[in-house]
Protein chains: 2
Amino acid sequence: MHSLEDIRADVLASLKAAGLKETWQRRAIVDELVGDESHPTAQELYERLQVEHPSISFATVYNTLGALASVGCVQTVSLGGATRFDPNISAHHHAICEVCECVLDVPATRRERPEIPGFEVRLVEKVFRGTCAACRE
Amino acid sequence: MHSLEDIRADVLASLKAAGLKETWQRRAIVDELVGDESHPTAQELYERLQVEHPSISFATVYNTLGALASVGCVQTVSLGGATRFDPNISAHHHAICEVCECVLDVPATRRERPEIPGFEVRLVEKVFRGTCAACRE
DNA sequence: ATCAGTGCAAAACCTTTGCAATTGT
DNA sequence: ACAATTGCAAAGGTTTTGCACTGAT
């Protein structure tokens, strides 16, 4: 059982463990992202942060998200258009609605290790394209 | 058994069937893409075409690829970075090497219809991220 | 004190569009 | 002739970088 506070603390600890400094900007970014299921882009996150922290620059948001991703605290999601960031790092996949572009998490079920001769698979991503419940009326 | 000429003819016929005109630019683009397994971006295709057809504009390449995709003659592949185009329209997935960024086709095996409550799945895409044979040395 | 991080601004890259001239039908 | 397509050029969006200054350690 991990509360959001636990996750937040874990993320900040991971940053520290990687030799990255803890700044109030990074705390704010982590706070904004942890527990967020909307799969925001860097731009969206930046705009949301502007409300409470108008002095944070886009570059800081962008770079911090990259740092979080490289440390493994967030997943990046490339579905066309801008990269989205996902604080859910459990094994899961994504469904994207072709109407409203919303992104849903899809729990991973069976584990797959398909045979691709010579290719060493590190990660399998699945993208389900279709129409979300709301857009089906 | 489809030869490249057959495929080329099919693609041009599909364009015509969709009410799109057959121009020498489109023929050249189709010729360049059919049978290509390298998953080029619009820019890459444009540069390749420059050699034989220096007067083709990037916009024409870009728009034609979009037209081919909307007619269903090519698949678009979003793996981060620029959109790639794949003339292979059979059901298959992709493996991308995290070292050299090459993209390989992976045949689809079983059919999956995971349950996502309320979500109507049209298409499942899988991306295998890892290291290709050449990059493993 | 040191050195990574920040903010700013600009560059680079990718995608898309408007429009006048051209071309397929 | 008509309408779609082209080439150009520019705009819009996304990602990345350089650099002087700030701030965490």
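Okay, so let's go over this structure.

Scoring rules and cut-offs
- Residue positions within a chain follow its written sequence, with the count starting from 1.
- Here the convention is simple: chains get letters from A, ligands get numbers from 1, in the order in which they are written.
- In keeping with the model being predicted, local features are shown solely for residues with a pLDDT of at least 70 and side-chain atom pairs are shown and tallied solely at 80 or more, while totals for entire chains, interfaces and linings include all residues.
- In computing side-chain values, all of the structure's heavy atoms are included and hydrogens and water are not.
- Note on definitions: a residue-residue contact is assigned when non-hydrogen atoms from the two residues lie within 4.5 Å.
- A simple way to read buried area is as the amount of 1.4 Å-probe accessible surface that goes missing from two parts once joined, with both sides added.
- One side-chain nitrogen of Lys or Arg within 4 Å of one carboxyl oxygen of Asp or Glu is enough to make a salt bridge.
- N or O atoms within 3.5 Å of each other form a polar contact, as long as, within protein, one can give a hydrogen and the other can take it, and as long as residues adjacent in sequence are counted only when both atoms are side-chain atoms.
- Numbering of helices and strands runs from the N terminus; a helix is a DSSP stretch of H or I covering at least four residues, while a strand is a stretch of E covering at least two.
- Ten residue types, Ala, Val, Leu, Ile, Met, Phe, Trp, Tyr, Cys and Pro, are classed as nonpolar, four, Asp, Glu, Lys and Arg, as charged, and the remainder, Gly among them, as polar.
- Strands were regarded as paired on the criterion that DSSP finds at least two bridges between them.
- For each residue, the accessible area found with a 1.4 Å probe, counting protein chains only, is set against the maximum for its type, and the residue is called buried under 20%, exposed over 50%, and partly exposed in between.
- In these notes, residues near a molecule or strand are those with any non-hydrogen atom within 4 Å of it.
- Any Phe, Tyr or Trp ring, taking Trp's six-membered ring, that has another such ring centre within 6.5 Å forms a pair; planes under 30 degrees apart are called stacked, those over 60 apart edge-to-face, and the others tilted.
- Here an axis means a line fitted to C-alpha atoms, over the contact stretch when the element is a helix, while the angle between two N-to-C directions is reported on a 0 to 180 degree scale.
- Fitting of the copies onto one another was done by least squares over C-alpha atoms, counting residues only where both copies have pLDDT of at least 70.
- Put simply, angles under 35 degrees are roughly parallel, angles over 145 are roughly antiparallel, angles from 65 to 115 are roughly perpendicular, and the rest are oblique.
- Crossing handedness is read from the near helix: turned anticlockwise from the far helix by less than a right angle, it gives a left-handed crossing, and turned clockwise, a right-handed one.

Interface extent is often summarised as the accessible area lost during association of the parts. Tallying the contact residues gives 30 residues for chain A and 30 residues for chain B. Taken over both partners, the interface formed by chain A and chain B buries close to 2,700 Å², and the fraction arising from carbon and sulfur atoms is 53%. Counting across the chain A and chain B interface gives six salt bridges. With its nearest N and O atoms 3.4 Å apart, the salt bridge here joins Glu120 of chain B to Arg136 of chain A. Across the contact surface, chain A and chain B share 18 residue pairs in polar contact (both at pLDDT 80 or more). Elements with a contribution of two residues or more to the side of chain A that touches chain B: β3 (92-97), β4 (103-107) and β5 (120-131) of chain A. Classifying every residue of the side of chain A that touches chain B gives 16 nonpolar, five polar and nine charged. Pairing between β5 of chain A and strand β5 (residues 120-131) of chain B: eleven bridges, direction antiparallel. Along β5 of chain B, the bridge assignment pairs Leu123 of chain A with Arg129 of chain B.

Here we take up the environment of His39 of chain B. Residues and elements named next belong to chain B. Looking at the secondary structure, you find His39 in the loop between α2 (24-33) and α3 (42-52). Relative accessible area serves as the criterion here: at 1%, His39 is assigned to the buried category. Residues His39 and Arg84, 45 residues apart in the sequence, show an inter-C-alpha distance of 5.5 Å.

Before going further, it helps to spend a moment on the protein's contact with DNA strand C. What surrounds DNA strand C is a group of 18 residues, the closest being Thr23, Ser55 and Thr60 of chain A together with Tyr62 and Thr83 of chain B. For DNA strand C, the backbone portion of the atoms within 4 Å of the protein, that is sugar and phosphate, comes to 80%. Within the side chain of Lys21 of chain A, an N or O atom sits 3.3 Å from a sugar or linking oxygen of DNA strand C. Between a phosphate oxygen of DNA strand C and a main-chain N or O atom of Ser55 of chain A, the distance comes to 2.8 Å. Elements with a minimum of two residues in the surface near DNA strand C: α2 (24-33) and α4 (58-71) of chain A together with α4 (58-71) of chain B.

The next point concerns the packing of aromatic side chains. Taken as a whole, this structure holds four aromatic pairs over all chains when the rule is applied. Both rings, one in Phe58 of chain A and one in Tyr62 of chain A, keep their centres 6.0 Å apart while their planes meet at 35 degrees; by these two values the pair is tilted. Of this pair, Phe58 of chain A and Tyr62 of chain A both sit in helix α4, four residues apart, which is roughly one turn of that helix. Seen in terms of ring centroids, Tyr46 of chain B and Phe58 of chain B are 5.6 Å apart; in terms of plane orientation they differ by 90 degrees. Their pairing is edge-to-face. Residue Tyr46 of chain B is located in helix α3, and its partner Phe58 of chain B is located in helix α4; the two are separated by twelve residues in the primary sequence. We classify Tyr46 of chain B as buried; its relative accessible area is 19%.

With that settled, the discussion passes to the sheet that holds β3 of chain A. On the basis of which strands lie adjacent, the open sheet formed by six strands has the order β4(A)-β3(A)-β5(A)-β5(B)-β3(B)-β4(B) and mixed pairing. Either end of the sheet is taken by a strand with one partner, and the two such strands are β4 of chain A together with β4 (103-107) of chain B. Between one strand axis and the next, the sheet turns through 30 degrees on average, direction left out of account. Inspection of the sheet shows strand β3 (residues 92-97) of chain B paired to β5 of chain B by four bridges, in the parallel sense. By the bridge assignment, Ile96 of chain B is partnered in β5 of chain B with Arg129 of chain B.

With that settled, the discussion passes to the relation of the copies chain A and chain B. Overlay of chain A on chain B (RMSD 0.2 Å): rotation 179 degrees, translation along the axis 0.0 Å. The transformation just described matches what one would write down for a two-fold rotation axis. In terms of proximity to the rotation axis, the leading residue of chain A is Lys126 of chain A, whose C-alpha is 2.2 Å off the axis.

This brings us to the packing of helix α1 (residues 4-17) of chain B against α2 of chain B. Residues and elements named next belong to chain B. As a packed pair, α1 and α2 sit with axes 10 Å apart at the nearest point and diverge in direction by 140 degrees. On the basis of their axis angle, the class for α1 and α2 is oblique. Taken as a pair, α1 and α2 cross one another with a handedness that is right-handed. On α2, the residues touching Arg8, Val11, Leu12 and Leu15 of α1 are Arg26, Arg27, Val30 and Asp31. Its residues assigned to classes, the contact of α1 with α2 shows four nonpolar, no polar and four charged.

With that settled, the discussion passes to the pattern of salt bridges. Scanning the model with the defined rule gives 16 salt bridges over all chains in all. The residue Glu22 of chain A makes a salt bridge to Lys16 of chain A at a minimum N-O spacing of 3.5 Å. Its relative accessible area of 54% is what places Lys16 of chain A among the exposed residues. Between Arg129 of chain A and Glu125 of chain B there is a salt bridge; the shortest N-O distance is 2.8 Å. Of the two residues, Arg129 of chain A is situated in strand β5 and Glu125 of chain B in strand β5; the pairing between them involves two chains. The class for Arg129 of chain A is buried, based on a relative accessible area of 13%.

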